Amino acid sequence: MVDTILGRKIGMTQVFDDRGQVIPVSVIEAGPCIVTQLKSVETDGYNAVQVGFGEVKSRLVNRPKSGHFSKAGVTPTKHLRELRTDDTADYKLGDAITCDIFKPGMRVKVSGKSKGKGFQGVVKRFHFHGGDMTHGSMIHRKPQSSGATDAARTFKGTRKPGHMGSENVSVRGLRIVRVVPEQNLILIEGAVPGSEGGLLTIQRMQPR
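Fair warning: this is a prediction, and the values are worked out from it, not measured in the lab. (Residues numbered from 1 in each chain as written. Predicted model: local features only at pLDDT ≥ 70, side-chain atom pairs only at ≥ 80, totals over all residues. Heavy atoms only, no water.)

**Notes on the overall build of the chain**
Move 1: When helices and strands are tallied, the chain shows 3 helices and 12 strands.
Move 2: Against the 2.2 N^0.38 benchmark of 17 Å for 208 residues, the chain shows a C-alpha radius of gyration of 23 Å, more extended than a compact globule.
Move 3: In terms of overall dimensions, the chain has a C-alpha envelope of 70 × 50 × 40 Å along the principal axes.
Move 4: Taken across its 208 residues, the chain has 32% of its residues classed as buried.
Move 5: Considering only contacts within the chain whose residues lie at least 6 apart along the sequence, 71% involve residues at least 24 apart. (Helix = DSSP H or I, 4+ residues; strand = E, 2+ residues; numbered from the N terminus. Rg over C-alpha atoms; globule rule 2.2 N^0.38 Å. Buried < 20%, exposed > 50% of the residue type's maximum accessible area, 1.4 Å probe, protein only. Contact = heavy atoms within 4.5 Å.)

**So, unusual backbone geometry**
Move 1: In this model, S166 sits at a positive phi of 55°, which is unusual for a non-glycine residue.
Move 2: For S166, the position within the fold is in the loop between β9 (162-164) and β10 (168-180).
Move 3: Classification of S166 by relative accessible area gives partly exposed; the value is 37%.

**Here's the deal with the confidence of the model for the chain**
Move 1: Per-residue confidence for the chain averages 89 on the pLDDT scale, and 98% of its residues sit at or above 70.
Move 2: For the chain, the element scoring lowest by mean pLDDT is helix α1 (residues 41-44), at 86; strand β8 (residues 118-120) scores highest, at 95. (pLDDT = per-residue confidence, 0-100.)

**Concerning the pattern of salt bridges**
Move 1: A complete count under the given rule lists 5 salt bridges for this structure.
Move 2: Of the charged contacts, one joins K39 and E82 as a salt bridge, the two residues approaching to 2.5 Å between their closest N and O atoms. In this pair, K39 is assigned in strand β3 (residues 33-39) and E82 in strand β5 (residues 77-84), connecting sequence segments 43 residues apart.
Move 3: We classify K39 as buried; its relative accessible area is 14%.
Move 4: With relative accessibility at 34%, the residue E82 sits in the partly exposed group.
Move 5: Put simply, D95 and K92 hold a salt bridge, and the shortest N to O gap is 3.3 Å. (Salt bridge = Lys/Arg side-chain N within 4 Å of Asp/Glu carboxyl O.)

**Focus: the sheet that holds β3**
Move 1: Read across the sheet, 4 strands follow the order β5-β4-β3-β6 without closing on themselves; strand pairing throughout is antiparallel. Sheet topology places β5 and β6 (96-97) at the edges, where each strand pairs with a single neighbour.
Move 2: Pairing geometry for β3 and strand β4 (residues 48-55), over 5 bridges, is antiparallel. Among the inter-strand pairings, Q37 is bridged to a residue of β4, identified as Q50.
Move 3: Contacting β3, β4 and β5, helix α2 (residues 63-72) runs over the sheet at an angle of about 90° to β3. (Pairing = 2+ DSSP bridges. Axes fitted to C-alpha atoms, helices over the stretch in contact; angles between N-to-C directions.)

**Topic: the packing of aromatic side chains**
Move 1: If you walk through the whole model with that rule in mind, you get 1 aromatic pair.
Move 2: Ring centres of F126 and F128 lie 6.4 Å apart, and the angle between their planes is 40°; on these two criteria the pair is classed as tilted.
Move 3: Overall, F128 belongs to the partly exposed group, its relative accessible area being 26%.
Move 4: For R84, the ring lying beneath its charged end belongs to Y46, and the centroid distance is 4.1 Å. (Phe/Tyr/Trp six-rings, centres within 6.5 Å; stacked < 30°, edge-to-face > 60°. Lys NZ or Arg CZ within 6 Å of the ring centre and 35° of its normal.)

**Quick word on the sheet that holds strand β1 (residues 4-16)**
Move 1: A barrel is described by the order of its strands in space; here 6 strands give the closed sequence β1-β2-β11-β10-β7-β12, paired in antiparallel fashion. Recorded for the sheet is a direction-independent mean angle of 50° between the axes of neighbouring strands.

**Notes on the pairing of strand β2 (residues 22-30)**
Move 1: Bridge count between β1 and β2: 9 bridges; the pairing is antiparallel. When the bridges of β2 are listed, K9 appears paired with I28.
Move 2: Counted along the chain from β1 to the antiparallel partner β2, the turn is 5 residues long, and its residue G20 has a positive phi close to 85°.
Move 3: Relative to strand β11 (residues 185-189), β2 runs antiparallel, the two being bridged by 5 bridges. Pairing of E29 across the sheet is with L185, part of β11.

Here it is in structure tokens:
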């Protein structure tokens with residue numbers, strides 16, 4: 001069975017547990033994900049279920065994707081992803097994977113693209129301390145030595161100013177607080193990657 005679903009980050013709020021304690025949660029619209037293709041070891045070399053998520057206007061779908069959706073007999077979706085599984089026999093084209101595959105208390109891994117921060121210096125990007133603010137110093141937030149002198153070059157991976165954010169980030173061990181199947185909502189304790197409206201992948205973690 002597939003233990004992963006696609007979702008959209010709605011935002012954050014807080015709920016109360018049975019003991020009356022406040023829990024900050026991320027609200028995610030999870031699914032429904034429509035099965036658009038089934039892959040098997042015989043034909044593709046591996047087992048996977050391709051699913052689509054999110055509404056999209058038909059005029060925004062290019063012809064190759066439109067033909068792919070027509071072949072599967074499903075409505076076009078905004079996102080397509082493959083979910084690996086051991087067996088695809090339980091699924092057929094057009095089936096919907098919904099958030100009821102999760103239960104409160106489960107631990108999940110949430111993956112998404114982090115917020116883009118644009119071009120940033122080393123103080124914000126890598127939390128450099130910065131130079132002196134007094135005693136005549138004219139360098140406050142600039143990087144100092146690059147580290148290499150004898151090599152006469154800057155080694156790959158040296159922390160420098162540059163583009164920050166917009167990276168794939170995964171957070172493990174987050175706890176599901178509440179599942180609302182009627183509204184396709186999952187409430188997960190804590191923060192999840194990305195901005196509001198961003199695509200997320202929620203995967204159930206196996207207990208150790």
